[in-house]
Amino acid sequence: MKFFLGTTSFRSLLALICFSLPAIGYAQSSQQPTVLQSHTFSYSILDTELDSVELLAMVRNEILSKETLNGGVIYANWIFAKKPADAPFAGLAENQVGLMVAWPNDALQQVDVLMEALQSIDSVTTVASRLFEAMYLPAGLSIPTKGGFYVHREEKYKVEHVNDAVRLSKEAWKTWEPHWGTMVIGLFREIGGATDFVNLNRIVWYPSYDAWLDTRNFAEDKESAIRFRERQGLLIPGSGIAIATDRILP
């Protein structure tokens, strides 16, 4: 299954790693501007042949023993989320895991080392990764939400429309989040790829699928609805692709 339509897909090991790594890997940061400027995020998906406690232990031993996270901080580990069959999302399969690592810019060479280590694990069949920079990261390198329903939505914008799309998003979220009890985890811009458009990936937490469904009633919070409609007008048609995950807690 392709994780993100039209791009190399990430598969399956993120959540497993998150579950098996020690909590020390999760940094608390109150210096949001510093994080935005000094860190790059790798976003990887792993396919595995196994789904077991043994695999979790193996991942921990294979990766941590090789110190492949030297300089990196585990940001999030994404896993399969239950959802109705008619939900308008793709999603991680039960044997897939997503891993996001925040790398200080002077440690980016470690990304390749991490990928090589993941690919060397016998039960891992596919590893794919992309790089992102954070455009909006309200909690820094911490994620304040718990388990739930995380929607990862990728959208493409023309280069000249990116700043407006980001601005409209931030303005809308001021009323949208408190009204619905949701939380925007981050907004990320893909590094590399095409030069004629920009790919943005925003990750939003909802308490449940039903809570996400409630937010589709745009008549309740008219302030955010106005801005969301304006942002929709900037979107390159057909580029709004969403997937749903849950998260392994540290």
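Residues numbered from 1 in each chain as written. Predicted model: local features only at pLDDT ≥ 70, side-chain atom pairs only at ≥ 80, totals over all residues. Heavy atoms only, no water.

1. Comments concerning the side chain of Arg202
For Arg202, the location among the structural elements is in strand β8 (residues 198–206). According to the relative accessible area criterion, Arg202 is buried, its value standing at 11%. Within the structure, Arg202 has its side chain in polar contact with the side chain of Glu155 (distance 2.8 Å). (Helix = DSSP H or I, 4+ residues; strand = E, 2+ residues; numbered from the N terminus. Buried < 20%, exposed > 50% of the residue type's maximum accessible area, 1.4 Å probe, protein only. Polar contact = N/O pair within 3.5 Å; in protein donor to acceptor, adjacent residues only side chain to side chain.)

2. Considering the environment of Leu137
Along the chain, Leu137 falls in the loop between β5 (124–136) and β6 (149–157). Among the residues examined, Leu137 registers a relative accessible area of 0% and is labelled buried. Distance in space between the C-alpha atoms of Leu137 and Gly186 is 4.6 Å, their sequence separation being 49 residues.

3. Regarding the packing of helix α5 (residues 162–180) against helix α7 (residues 222–234)
As a packed pair, α5 and α7 sit with axes 8 Å apart at the nearest point and diverge in direction by 160°. Here α5 lies roughly antiparallel to α7, going by the angle between them. Of the two possible hands of crossing, α5 and α7 adopt the one that is left-handed. On the side of α5, the interface is formed by Asp164, Ala165, Arg167, Leu168, Ser169, Glu171, Ala172, Trp173, Thr175 and Trp176, while α7 contributes Glu223, Ser224, Arg227, Phe228, Glu230, Arg231 and Leu234. (Axes fitted to C-alpha atoms, helices over the stretch in contact; angles between N-to-C directions. Parallel < 35°, antiparallel > 145°, perpendicular 65-115°, else oblique. Left-handed = near helix turned anticlockwise from the far one by under 90°. Contact = heavy atoms within 4.5 Å.)

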